[in-house]
2 protein chains.
Amino acid sequence: MIVGILGAGQLARMIALAGYPLGLKFIFLDPSKDACANGLGEHLYGNYNDPKLLEQLAQRADVVTYEFENVPADVAGFLATHTQVHPSPKALAVAQDRLIEKTFFNDIDIPTSRYAPVDSLEELQAAMPTIGWPAILKSRTQGYDGKGQSVLKSADDLPAAWQLLEGVPAIVEAFVAFNREISIIAARNIAGDVVFYPLSENLHQGGILRVATCCEHDPMQQQAESYATRLLTALDYVGVLALELFEVNGQLIANEFAPRVHNSGHWTIEGAETSQFENHLRAIVNLPLGATTAVGKSAMVNFIGGLPESDKIAGIAHAHLHLYDKTPRKGRKVAHATARTKSSEHLAEIVKQLVVLAGKVDNS
Amino acid sequence: MIVGILGAGQLARMIALAGYPLGLKFIFLDPSKDACANGLGEHLYGNYNDPKLLEQLAQRADVVTYEFENVPADVAGFLATHTQVHPSPKALAVAQDRLIEKTFFNDIDIPTSRYAPVDSLEELQAAMPTIGWPAILKSRTQGYDGKGQSVLKSADDLPAAWQLLEGVPAIVEAFVAFNREISIIAARNIAGDVVFYPLSENLHQGGILRVATCCEHDPMQQQAESYATRLLTALDYVGVLALELFEVNGQLIANEFAPRVHNSGHWTIEGAETSQFENHLRAIVNLPLGATTAVGKSAMVNFIGGLPESDKIAGIAHAHLHLYDKTPRKGRKVAHATARTKSSEHLAEIVKQLVVLAGKVDNS
């Protein structure tokens, strides 16, 4: 069976590595010649909307999936008329527009922060009394890792923040004074079976995920699963989905969801019985989903902008290196390391060492 | 860094899958066009002793390793004069001749069964009073999974058994009435650091490994480690080595060793902190070795001659499928499945289910 993937970055790379043992083969479409997944399948080199390449992909892949959510709607639509596409174009359409996404959350009773659509400076100014300070201004589409977002602290910030968006449709969101940032990774297969991983507690800096820790038996697990279930059902979703949440005084507020495998679930490679990458594949090729039980205590540390020294990581017992075959560049995720061990105390020690190593090469 | 592998079968495939996260790339030399490791690196297609291909491999690989031990001595020698080769040609030379191997074991005080070299029917007949009945006649070189071996139960068996060998140099070995067959997987890196996995208890049928179970805290662990240490040191070994042993009334007797990753260590992918495949790579590229601690309770079941039904395996929680991308053929190992879980009781249940599934498609 051949799985087509739009994108050949580190997520595609890790999906492919999880897929070989299942007997799957891969074909990637990606405009970058030195993509991370190179060597793990055939690489169709070109733009995501190149009609000839899309036709090749659709013809040759038994099922097509994505490693990023900003796939143009017509591309997803074209593929869906020619082959199986998971997750569905609808899930993509919701995820790739922050306004539609927030509205969708609210429609299915998943709470979010206050928000308002903003198409001009005047609209932004008019919205602020309702939204309150501080707030965050974001483009409705595109952008990840906090790129292109502005924090609004007072009326003085509004003109510059608006100008930065260069007129694209935007959304302003009330800032959430959260206690914790968490995410839940869920998988739903073609048969409609659903599994959830233990929550991940996520630490961001400068808008970029730095550390994600598996939280077994977390008190918020049930509420998060309930939200994720509504989302999966409403979207008739197939594949892995990551729902990012804020915890505020024991209540969860949805931030956003990613219709794909997610950085906050990378610890599942070692730290769960079945990784998010394998379960994404099982979901889309119609296999029973694998157990999501935590295996020991685990966490993941990202390396941003600078490569880890392999021998230093390998020298830490119970640390696992994951290089993405990427050239280091400012702000770029080039690798992660997972720690997996038996006790929370030992885990904390290893994570501390990994964070120091990540800090040494950090260029974010 | 580019790792060259002689052979592109399932062992090379699993080595490559373990190597991508370490940032390694692979180049395989294998005469089979549809080799298992296809798609995971560059494939030099041709015979192992093709001088042009060997030269290409030697020039382009930073280090060369093997997935099987019957590499012609001159091939290993040629490679070693052009690039790093691990394990060393010496380890290969010892492992690929059963007489040299047994003698080597005895020279470093590792006990074996009684044995004698046999180059004619007369020599075989002359050796039997010392060896005793029953015994096993094997060619000194080649052969695996019990192929080309004859069990000798009485003097009547000798002429036919000898004829079967077609005149190749042979060895006759006393049959060992063992309590258990076990193996120990060890790794030694360039710096001389050594790690051992928990023992594997191995169940063979018809000369082919069927089930291997991780035995944490086994009473024989220390004795096995002591033998393996002698072997690794005497060979100045770099890489993963598997030492197969018989347990006879609380004593261990060496059967043979494999200078490579080994079928009885496949459970380490899920069942150990670092897999044998990753530790083999760490050893030969001069990285610190990874922890070999058992992760839960685990075991592996081979699928011989017939492919498992993927959905059946995936439907067993805590079972992990490993397909080799091989066309089924009588006696051929085409896949394995690992079971990993928290309790020995649950492990036994899963293994039972896997053995039933393997039995249904068995063609050995």
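Under the annotation held in an unreviewed UniProt entry, chain A carries the name N5-carboxyaminoimidazole ribonucleotide synthase and is attributed to Crenothrix polyspora. Its UniProt record gives chain A the following Catalytic activity (unreviewed entry) comment, quoted word for word: "5-amino-1-(5-phospho-beta-D-ribosyl)imidazole + hydrogencarbonate + ATP = 5-carboxyamino-1-(5-phospho-D-ribosyl)imidazole + ADP + phosphate + 2 H(+)". Looking at the Sequence similarities (unreviewed entry) heading of the UniProt record, one finds this comment for chain A: "Belongs to the PurK/PurT family."

(A) Structural detail: the overall build of chain A. Regarding its fold elements, chain A presents 12 helices and 18 strands. Taking 2.2 N^0.38 as the reference for a compact globule, 364 residues should give roughly 21 Å; the C-alpha atoms of chain A span a radius of gyration of 20 Å, in line with that estimate. Dimensions of chain A along its principal axes, counting C-alpha atoms only, are 55 × 50 × 40 Å. Within chain A, the proportion of its 364 residues that are buried is 60%. Put simply, chain A shows about 13,900 Å² of open surface, and 52% of that area lies on carbon and sulfur atoms.

(B) The arrangement of the domain arrangement of chain A in detail. For chain A, the assigned domains are domain 1 (2–85), domain 2 (114–174) and domain 3 (180–361). A separation of 34 Å is found between the C-alpha centroids of domain 1 of chain A and domain 2 of chain A.

(C) View of the interface of chain B and chain A. On the chain A side, the residues contacting the 38 residues of chain B number 37 residues. Looking only at chain B, the three residues that lose the most surface to chain A are B:Tyr20, B:Pro21 and B:Glu273, adding up to 21% of its buried area. Here chain B is connected to chain A by four salt bridges. Its salt-bridge partner being B:Asp325, residue A:Lys25 comes within 2.6 Å of it at the nearest N-O pair. The tally of links from chain B across to chain A stands at 16 residue pairs in polar contact (both at pLDDT 80 or more). Taken together, the elements giving at least two residues each to the side of chain B that touches chain A come down to α1 (10–19), α10 (276–284), α11 (310–314) and β17 (319–323) of chain B. Considered class by class, the residues forming the side of chain B that touches chain A number 17 nonpolar, 11 polar and 10 charged.

(D) Spotlight on the packing of aromatic side chains. One pass over the full model with this rule turns up 12 aromatic pairs over all chains. Arranged with centres 6.4 Å apart and planes meeting at 90°, the rings of A:Tyr197 and A:Trp267 form a pair that is edge-to-face. One end of the pair, A:Tyr197, is in the loop between β11 (194–196) and β12 (199–205); the other, A:Trp267, is in the loop between β15 (251–258) and α9 (268–271), and 70 residues separate them in sequence. For A:Tyr197, a relative accessible area of 0% corresponds to the buried category. On the basis of relative accessible area, A:Trp267 is assigned to the buried category, the value being 0%. Centroid distance B:Phe26 to B:Phe28: 6.4 Å. Interplanar angle 10°. Geometry classified as stacked. With respect to class, B:Phe26 is no different from B:Phe28; both count as buried.

(E) Examining the environment of A:Ala224 more closely. Residue and element names in this part refer to chain A. Relative to the helices and strands, Ala224 is located in helix α8 (residues 221–234). You can call Ala224 buried: its relative accessible area is 0%. Sequence spacing of Ala224 and Leu243 is 19 residues, and the spatial spacing of their C-alpha atoms is 8.3 Å. In contact with Ala224, not counting residues within four places along its chain, are Ile184, Leu199, Leu245 and Leu252.

(F) Inspection of the packing of helix α1 (residues 10–19) of chain A against helix α10 (residues 276–284) of chain A at higher detail. Residue and element names in this part refer to chain A. Running from N to C, α1 and α10 point in directions that differ by 75°, and their axes come no closer than 8 Å. Classified by the angle between their axes, α1 and α10 sit roughly perpendicular to one another. On α10, the residues that touch Leu11, Met14, Ile15, Ala18 and Gly19 of α1 are Phe277, Glu278, His280 and Leu281. Residues that form the contact of α1 with α10 fall into these classes: six nonpolar, two polar and one charged.

(G) Highlighting the sheet that holds strand β5 (residues 84–85) of chain B. Residue and element names in this part refer to chain B. If you trace the five strands from one edge of the open sheet to the other, you get β3-β2-β1-β4-β5, paired in parallel fashion. For this open sheet the edge positions go to β3 (42–45) and β5, each flanked by a neighbour on one side alone. Sheet topology note: the strand β4 (residues 63–66)/β5 ladder contains two bridges and is parallel. Following the sheet pairing, Val63 is matched in β5 by Gln84. Each of β1 (2–6), β2 (25–30) and β4 touches α10; the most contacted strand, β4, lies at about 140° to it.

(H) Focus on the pairing of strand β7 (residues 135–139) of chain B. Residue and element names in this part refer to chain B. Along β7, five of the five residues are buried, which leaves the element largely enclosed by surrounding structure. Along β7, one buried face is formed by Ala135, Leu137 and Ser139 and the opposite face, lined by Ile136 and Lys138, is buried too. Pairing between β7 and strand β8 (residues 150–152): three bridges, direction antiparallel. The residue bridging Ala135 from the neighbouring strand is Leu152, located in β8.

(I) Representation of the pattern of salt bridges within the structure. All names here are of chain A. This structure, assessed with the given rule, holds 30 salt bridges over all chains. Between Asp362 and Arg210 there is a salt bridge, with its nearest N and O atoms 3.0 Å apart. Taken together, the positions of Asp362 in the segment after α12 (344–361) and Arg210 in strand β13 (residues 208–215) put the pair 152 residues apart, joining distant regions of the chain. Between Lys297 and Glu216 there is a salt bridge whose closest N-O contact spans 3.9 Å. Of this pair, Lys297 sits in strand β16 (residues 297–304) while Glu216 is found in the loop between β13 and α8, placing the two residues 81 residues apart along the sequence. Looking at Lys297, the relative accessible area reads 29%, which means it is partly exposed.

(J) Representation of the sheet that holds strand β8 (residues 150–152) of chain A. Residue and element names in this part refer to chain A. With antiparallel pairing, the four strands of this open sheet are ordered in space as β6-β9-β7-β8. Unpaired on one side and paired on the other, β6 (115–118) and β8 mark the two borders of the sheet. In this sheet, adjacent strand axes meet at a mean angle of 25° when their direction is disregarded. Pairing between β6 and strand β9 (residues 170–174): four bridges, direction antiparallel. The partner of Tyr115 across the bridge, within β9, is Glu173.

(K) Spatial organisation of the relation of the copies chain B and chain A. Screw-axis analysis of chain B against chain A gives a translation of 0.0 Å along the axis, an RMSD of 0.0 Å, and a rotation angle of 180°. The two molecules are tied by a two-fold rotation axis, judged by turn and shift. Taking C-alpha positions as reference, the residue of chain B nearest the rotation axis is B:Leu40, located at 2.7 Å. When you check the interface residues of chain B against chain A, 97% turn up at the interface there too, and the contact is symmetric in its surfaces.

(L) Seen up close, helix α2 (residues 51–60) of chain B. Residue and element names in this part refer to chain B. Those residues of α2 lying buried are Leu53, Leu54, Leu57 and Ala58. An end-on view of α2 places all buried positions within 135° of arc, on one side of the element. Residues Pro51, Lys52 and Gln59 are exposed on α2 and point more than 90 degrees away from its buried face. Taken together, the buried residues of α2 touch β1, β2, β3, β4 and α3 (73–82).

How each quantity is defined
Residues numbered from 1 in each chain as written. Chains lettered and ligands numbered in written order. Predicted model: local features only at pLDDT ≥ 70, side-chain atom pairs only at ≥ 80, totals over all residues. Heavy atoms only, no water. UniProt positions renumbered as here; feature names shortened; annotations may be inferred. Helix = DSSP H or I, 4+ residues; strand = E, 2+ residues; numbered from the N terminus. Rg over C-alpha atoms; globule rule 2.2 N^0.38 Å. Buried < 20%, exposed > 50% of the residue type's maximum accessible area, 1.4 Å probe, protein only. Areas by Shrake-Rupley, 256 points an atom, 1.4 Å probe, with all protein chains shown as cover. Domains from an automatic or database assignment. Contact = heavy atoms within 4.5 Å. Buried area = accessible area lost by both parts, 1.4 Å probe. Salt bridge = Lys/Arg side-chain N within 4 Å of Asp/Glu carboxyl O. Polar contact = N/O pair within 3.5 Å; in protein donor to acceptor, adjacent residues only side chain to side chain. Nonpolar A, V, L, I, M, F, W, Y, C, P; charged D, E, K, R; others polar. Phe/Tyr/Trp six-rings, centres within 6.5 Å; stacked < 30°, edge-to-face > 60°. Axes fitted to C-alpha atoms, helices over the stretch in contact; angles between N-to-C directions. Parallel < 35°, antiparallel > 145°, perpendicular 65-115°, else oblique. Pairing = 2+ DSSP bridges. Least-squares fit on C-alpha atoms with pLDDT ≥ 70 in both. Arc of directions from axis to C-beta.

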